[in-house]
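Below, each chain spelled out in residue letters.
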Amino acid sequence: QVQLVESGGGLVQAGGSLRLSCVASGSIFSINTMGWYRQAPGKQRELVASMTGGGRINYAESVKGRFTISRDNARKTVYLQMNSLKPEDTAVYYCNGDEIVAAAGRFTDAWGRGTLVTVSS
């Protein structure tokens, strides 16, 4: 089956940086959009950044200018470089891929289990 595995979360002070990685595995032929979502306690899950297979990028206004999404299609990996972190960035960050074509079949989307980012003030 298709799996997405995030890594890179941790504890960082405000103003610091973290780099998140997400690797997709499972005999995948193609993935359209890959992106990062986050969910803080008591809040809804929100889109942080995404990149289509064609290279179109979208950022949430709250992270624009601070976060950068990148993608390595050969390694089926998406990254999120997070700079100038703020306490309000604290959340579980989830990797997402959509319109996945794999040996196991076609999937509308797939989610990783998340990685926790905690930003202290």
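That block above? That's the structure.
Just so it is clear, the model here is predicted, and its values are computed rather than measured. (Residues numbered from 1 in each chain as written. Predicted model: local features only at pLDDT ≥ 70, side-chain atom pairs only at ≥ 80, totals over all residues. Heavy atoms only, no water.)

Participant: An account of the overall build of the protein is needed here, citing residue identities and associated values.
Facilitator: Secondary structure summary: the protein contains zero helices and twelve strands in total. The linear arrangement of helices and strands in the protein, starting from the amino end, is β-β-β-β-β-β-β-β-β-β-β-β. A globule of 121 residues ought to have a C-alpha radius of gyration of about 14 Å, and the protein, at 14 Å, matches this closely. Dimensions along the principal axes, computed over C-alpha positions, put the protein at roughly 45 × 25 × 25 Å. Here the protein holds 121 residues, and the buried ones make up 41% of them. Taken as a whole, the protein presents about 6500 Å² of accessible surface, with 47% of it coming from carbon and sulfur. In the protein, 13 side chains carry a positive charge and 9 a negative one; their mean positions are 3 Å apart. (Helix = DSSP H or I, 4+ residues; strand = E, 2+ residues; numbered from the N terminus. Rg over C-alpha atoms; globule rule 2.2 N^0.38 Å. Buried < 20%, exposed > 50% of the residue type's maximum accessible area, 1.4 Å probe, protein only. Areas by Shrake-Rupley, 256 points an atom, 1.4 Å probe, with all protein chains shown as cover. Lys, Arg positive; Asp, Glu negative; His and termini not counted. Charge placed at Lys NZ, Arg CZ, Asp CG, Glu CD.)

Participant: An account of the sheet that holds strand S9 (residues 77-82) is requested, with residue identities and associated values reported.
Facilitator: Strand order in the open sheet made by the four strands is S1-S3-S9-S8, with antiparallel pairing throughout. Bordering the open sheet on either side are strand S1 (3-7) and strand S8 (67-72), each of which pairs with just one other strand. Strand-to-strand twist across the sheet, computed as the mean angle between neighbouring axes with direction ignored, equals 15°. Pairing of S8 with S9 involves six bridges; the strand directions are antiparallel. Residue pairing for S9: Thr68 is matched across the bridge by Gln81. (Pairing = 2+ DSSP bridges. Axes fitted to C-alpha atoms, helices over the stretch in contact; angles between N-to-C directions.)

Participant: I'd like to hear about the pairing of strand S12 (residues 115-120), residue by residue, with values.
Facilitator: Side chains of S12 alternate between two faces, with Thr115, Val117 and Val119 buried and Leu116, Thr118 and Ser120 left unburied. Sheet topology note: the strand S2 (residues 10-13)/S12 ladder contains four bridges and is parallel. Pairing of Gly10 across the sheet is with Val117, part of S12. Alignment of strand S10 (residues 91-102) against S12, held across three bridges, turns out to be antiparallel. Bridging from a neighbouring strand, Val92 pairs with Leu116 of S12.

Participant: Would you mind going over the state of the cysteines in detail, with residue names and values included?
Facilitator: If you walk through the whole model with that rule in mind, you get one disulfide. In this model, Cys22 is linked to Cys95 through a disulfide, with the two sulfur atoms separated by 2.0 Å. The sign of the -80° torsion about the S-S bond sets the Cys22-Cys95 disulfide as left-handed. Remark: Cys95 occurs in strand S10 and Cys22 occurs in strand S3 (residues 18-25); sequence separation between them is 73 residues. (Disulfide = S-S within 2.5 Å.)

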